[in-house]
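An overview of the molecular structure
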Amino acid sequence: MSGLFITVEGPEGAGKTTVLNKLGNELKQQGLNIVMTREPGGIRIAEQIRKVILDKSNTEMDARTEALLYAAARRQHLIEKVIPALNQGAIVLCDRFIDSSLAYQGVARELGIEEVFSINKFAIQDVMPDLTIYFDIDVELGLKRIEVNKGREVNRLDLEKMDFHMNVRNGFRKLLELFPSRIYEVDASKPLENVYQEVKNKVEQLIYK
Ligand SMILES: Nc1ncnc2c1ncn2[C@@H]1O[C@H](COP(=O)(O)OP(=O)(O)OP(=O)(O)O)[C@@H](O)[C@H]1O
Ligand SMILES: Cc1cn([C@H]2C[C@H](O)[C@@H](COP(=O)(O)O)O2)c(=O)[nH]c1=O
């Protein structure tokens, strides 16, 4: 695989999608081969799995079922979209990946980071991101941002209690300690332009190194 696999991660409303879209468009204008995608989703089957996972009426979903569905969506997305793009030398910018499973299902759902990593190893084999940008934000501020954004879908996980979201953030902070060379932290509470410039600098360092 000759391309670059870059993921963005963080709690709800941190600004990942906004920054990723802006960055992808700018890098495309530089003439680079950019593939922008998201998890869960990005391809037909994974978008269907996304609907099942995030449907607000699926309140009875078991935590392990949830973890397995995310891993299944990840597998199909990787095989159908990410790996072929990387093989063609593309830079793949992906909104969420395995770290979301480790933080949301591993820590916030209390399944354990190791357990969730092990089912994901089956799904991804050895494909890990070259770089992960972690958008750190106070949970209340992030949730306020998405509340104001009326056009955005409100999904089953958004509706979780404040404690759950706090644990998600704690989970991501733990991952920063576990994977310091892969995960780069940005302070996502800063104004959008500052966050964007910092992310762009970091990504360009990797692309043009
Ligand atoms: N740095 C920022 N300062 C203020 N508002 C921001 C900033 N970044 C993004 N926003 C706004 O916050 C809202 C949420 O942003 P966005 O959808 O990009 O977050 P996200 O991390 O992708 O959220 P989620 O994972 O919950 O979908 C949007 O309305 C966006 O315009
Ligand atoms: C990949 C992944 C995602 N999640 C959660 C995180 C969010 O609550 C939703 C996705 O919604 P977004 O608007 O696209 O961010 O799913 C998760 O719990 N585990 C995962 O592996």
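Residues numbered from 1 in each chain as written. Chains lettered and ligands numbered in written order. Predicted model: local features only at pLDDT ≥ 70, side-chain atom pairs only at ≥ 80, totals over all residues. Heavy atoms only, no water.

1. Some points on the site of ligand 2
Looking at ligand 2, there are 15 residues lining it, with Glu12, Tyr70, Arg96, Ser101 and Gln105 nearest. Measuring from an oxygen atom of ligand 2, one finds a side-chain N or O atom of Tyr70 at 2.8 Å. Alone, ligand 2 offers 470 Å² of accessible surface; in the complex the protein occludes 94% of this. Secondary structure elements with two or more residues in the shell around ligand 2: helix H2 (44-54), helix H3 (63-87) and helix H4 (98-108). If one sorts the elements of the shell around ligand 2 by residue count, H4 sits on top with 4 residues. Here the shell around ligand 2 is built from residues that sort into 5 nonpolar, 4 polar and 6 charged. (Near = heavy atom within 4 Å. Polar contact = N/O pair within 3.5 Å; in protein donor to acceptor, adjacent residues only side chain to side chain. Areas by Shrake-Rupley, 256 points an atom, 1.4 Å probe, with all protein chains shown as cover. Helix = DSSP H or I, 4+ residues; strand = E, 2+ residues; numbered from the N terminus. Nonpolar A, V, L, I, M, F, W, Y, C, P; charged D, E, K, R; others polar.)

2. Focus on the pattern of salt bridges
Applying the stated rule across the entire model yields 16 salt bridges. Linking Glu47 and Arg38 is a salt bridge whose minimum nitrogen-to-oxygen distance equals 2.8 Å. Residue classification places Arg38 among the partly exposed residues on the basis of a relative accessible area of 32%. As a salt-bridge pair, Arg152 and Asp158 come within 2.8 Å of each other at their nearest N and O atoms. One continuous salt-bridge network, built from bridges that share partners, spans Glu66, Arg109, Arg156 and Glu160. (Salt bridge = Lys/Arg side-chain N within 4 Å of Asp/Glu carboxyl O. Buried < 20%, exposed > 50% of the residue type's maximum accessible area, 1.4 Å probe, protein only.)

3. Things to note about the site of ligand 1
Around ligand 1 sit 15 residues in total, of which Gly15, Lys16, Thr17, Thr18 and Arg152 are the nearest. Within the side chain of Arg145, one N or O atom sits 3.2 Å away from a nitrogen atom of ligand 1. Arg152 places a side-chain nitrogen or oxygen 2.7 Å from an oxygen atom of ligand 1. Look at ligand 1: alone it shows 630 Å² of surface, and the protein chains cover 76% of it. Class assignment for the residues of the shell around ligand 1 results in 4 nonpolar, 5 polar and 6 charged.

4. Remarks on the UniProt feature "binding site: ATP" (unreviewed entry) in the chain
Within this structure's numbering, the places UniProt gives as "binding site: ATP" (unreviewed entry) are Gly10, Pro11, Glu12, Gly13, Ala14, Gly15, Lys16 and Thr17. Topologically, Ala14 is positioned in the loop between strand E1 (4-9) and helix H1 (16-29). Filtering out sequence-adjacent residues up to four positions away, Ala14 remains in contact with Phe135, Ile137, Arg145 and Ala188. Topologically, Thr17 is positioned in helix H1. In this structure Thr17 comes out as partly exposed when scored by relative accessible area, which is 42%. (UniProt positions renumbered as here; feature names shortened; annotations may be inferred. Contact = heavy atoms within 4.5 Å.)

5. So, the UniProt feature "domain: Thymidylate kinase-like" (unreviewed entry) in the chain
Under the UniProt annotation, "domain: Thymidylate kinase-like" (unreviewed entry) lies at residues 8-198. Secondary structure across residues 8-198 divides into 56% helix and 12% strand, with the first and last C-alpha atoms of the span separated by 13 Å.

6. Structural notes on unusual backbone geometry
Look at the link from Glu39 to Pro40: it is a cis peptide, with omega at -15 degrees. With respect to the helices and strands, the residue Pro40 is situated in the loop between strand E2 (34-38) and H2. A positive phi angle, near 80 degrees, is found at Arg96, a position not held by glycine. Note that Arg96 resides in the loop between strand E3 (91-95) and H4. The class of Arg96 is buried, set by a relative accessible area of 14%. Backbone geometry places Glu110, a non-glycine residue, at a positive phi of 65 degrees. Along the chain, Glu110 falls in the loop between H4 and helix H5 (113-124).

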